[in-house]
Amino acid sequence: MMRLARSVATAILLLSTTTFGFAANKVIIILDASGSMWAQIDGKPKLEIARESLRTVLQSVPGDDEIGFMAYGHRQKGSCEDIELIVPPQAGSASAISAAADSMKFLGKTPLTAAVKQAAEALKYTEDKATVVLITDGLETCGGDPCALGKELEASGVDFTADVVGFGLTADEGKQIACLAENTGGKYIQASDEKALQEALVETVAAPAPAPAPNLLRLPRRRPSPPSRNSISCRASSWPKAARMSATTAMPGRSTRPTPTARAVIRS
């Protein structure tokens, strides 16, 4: 009995740590706010497409996900230091992120490598699982090496992932930053228009991460107790011959149910 009690206690503890102890996803979205975002796709500025896509996709983000928002190139022209965490990671941040993107200016350069590093640090990537989603329409312009950074973050992070969305980039341009995603186990997604950008954001931001299956502990089966000397079997084959005959002999129009004299008594 004590062995069974210990097994049950272990199972409850295991369930509490695997099923109910999942931490919420923590993600920082980095938006390229450099001057090149004024270029148009299908007659519409890329910055407007990015704003509308963010607003649409963030509405479907799981409510307990902690989403933050960072941008670069939105305050100064020609500065490689213009990187800002505008909305810290928190649950229910969709409206704050949309408002920040709507009021943002698109002015400067593309220090994407430094921005990803700052986002990883804000997420405490060396201590917790962390994901960064970079939306960029250009390549690094401040001397950073995104490929080397990907290797560094992968080596020193607990569970760090960088997903990169190349918005309006050519295939050759995409190859130069895809390594950032590949070196961290993330995805590089080429988005050539508004529909493709929304689909990329759904895949990287809105899709909930699959929860691992709980590691259930199989409990040992209880062995049946041996019958006591004061108990008799309920099987008809073990009844006395007179009882079997009484139970199987029926009067015309009567039920074949055993008579009271043929009932078994359990643990008398």
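Residues numbered from 1 in each chain as written. Predicted model: local features only at pLDDT ≥ 70, side-chain atom pairs only at ≥ 80, totals over all residues. Heavy atoms only, no water.

### Overview of the side chain of T161
The line we're drawing: Starting at the N terminus, helices and strands are each numbered in turn, a helix being any DSSP run of H or I of at least four residues and a strand any DSSP run of E of at least two. Relative accessibility under 20% of the residue-type maximum defines a buried residue, over 50% an exposed one, and the middle range a partly exposed one, all with a 1.4 Å probe and only protein chains included. By the convention used here, residues are in contact when the closest approach between their heavy atoms is within 4.5 Å.
Assignment of secondary structure puts T161 in strand β7 (residues 159–167). Residue classification places T161 among the buried residues on the basis of a relative accessible area of 17%. Dropping the residues within four chain positions of it, T161 is found in contact with A130, T131, V132, T184, G185 and G186.

### Focus on the pairing of strand β6 (residues 129–136)
Quick reminder of the rule: At least two DSSP bridges between two strands are required for those strands to pair.
The buried fraction of β6 amounts to seven of the eight residues, a majority that puts the element mostly inside the structure. Both strand β1 (residues 26–32) and β6 contribute to a ladder of five bridges, which runs parallel. When the sheet's bridge partners are listed, I29 is paired in β6 with V133. In this sheet, β7 lies alongside β6 in parallel orientation, the contact comprising eight bridges. Paired with V133 across the two strands is D163, which belongs to β7.

### Concerning the side chain of D163
Let me state the cut-off plainly: Positive charges come from Lys and Arg, negative ones from Asp and Glu, while His and the chain ends are left out of the count. Put simply, a salt bridge is a Lys or Arg side-chain nitrogen that is within 4 Å of an Asp or Glu carboxyl oxygen. The definition of a polar contact used here is a pair of N or O atoms within 3.5 Å, where within protein one atom must be able to donate a hydrogen and the other to accept one, and adjacent residues in sequence count solely through side-chain atom pairs.
Tracing the backbone through its elements, the reader meets D163 in strand β7. Here D163 sits buried without a salt bridge, and the closest side chain of opposite charge, K187, lies 5.9 Å off (N-O distance). In this structure the side chain of D163 is engaged in a polar contact, spanning 2.8 Å, whose partner is the backbone nitrogen of K187. Setting aside residues up to four positions removed in sequence, D163 forms contacts with T131, V132, V133, L134, G186, K187 and T204.

### Some remarks on helix α2 (residues 46–58)
What counts here: Expected helix span is computed as 1.5 Å times (number of residues minus one).
With 13 residues, α2 ought to run about 18 Å at 1.5 Å a step, and its terminal C-alpha atoms sit 18 Å apart, in line with that. For α2, the full list of buried residues reads K46, L47, I49, A50, R51, S53, L54, V57 and L58.

### So, the packing of helix α5 (residues 146–156) against helix α6 (residues 171–182)
Definition in use: Only the stretch in contact is used when fitting a helix axis, every axis being a line fitted to C-alpha atoms; angles between N-to-C directions are given from 0 to 180 degrees. These descriptions rest on fixed angle ranges, namely under 35 degrees for roughly parallel, over 145 for roughly antiparallel, 65 to 115 for roughly perpendicular, and the rest for oblique. Polar here means any residue other than Ala, Val, Leu, Ile, Met, Phe, Trp, Tyr, Cys and Pro, which are nonpolar, and Asp, Glu, Lys and Arg, which are charged; Gly is therefore polar.
The geometry of α5 relative to α6 is characterised by a closest axis approach of 7 Å and an angle of 5 degrees between their N-to-C directions. By the criterion of interaxial angle, the relationship of α5 to α6 is roughly parallel. Residues P146, C147 and G150 of α5 form the contact with α6, whose participating residues are Q176, I177, C179 and L180. Classifying every residue of the contact of α5 with α6 gives five nonpolar, two polar and no charged.

### Examining the pattern of salt bridges
A full pass over the atoms with the stated rule returns 11 salt bridges. Its salt-bridge partner being R51, residue E48 comes within 2.9 Å of it at the nearest N-O pair. Taken together, the residues E48 and R51, both in helix α2 and three residues apart, mark about one turn of the helix. On the accessibility criterion, E48 (27% relative accessible area) is partly exposed. In this structure, K117 engages E121 in a salt bridge whose closest nitrogen and oxygen atoms are separated by 3.8 Å. A residue pair is termed a helical-turn pair when its members lie 3 or 4 positions apart in one helix, as K117 and E121 do in helix α4 (residues 112–122) at four residues. Relative accessible area serves as the criterion here: at 24%, K117 is assigned to the partly exposed category. One network of salt bridges, with partners in common, ties together K44, E52 and E194.

### Regarding unusual backbone geometry
Generally, phi is negative for residues other than glycine and the peptide bonds are trans, each holding for most cases. For D42, which is not glycine, the phi dihedral falls at a positive 55 degrees. Structurally, D42 is set in the loop between β2 (40–41) and β3 (44–45). Positioned with a positive phi, K124 is a non-glycine residue whose angle comes to about 55 degrees. Summarising the element assignment, K124 is placed in the loop between α4 and β6.

### Quick look at the sheet that holds strand β8 (residues 188–191)
Pairing within the open sheet is mixed, and its six strands lie in the order β5-β4-β1-β6-β7-β8. Only two strands of the sheet have a single partner each, and these edge strands are β5 (83–90) and β8. For this sheet, the mean angle separating the axes of adjacent strands, direction not counted, is 15 degrees. Where α2 meets the sheet, it contacts β1, β4 (66–72), β6 and β7, and its direction lies at approximately 160 degrees from that of β1.

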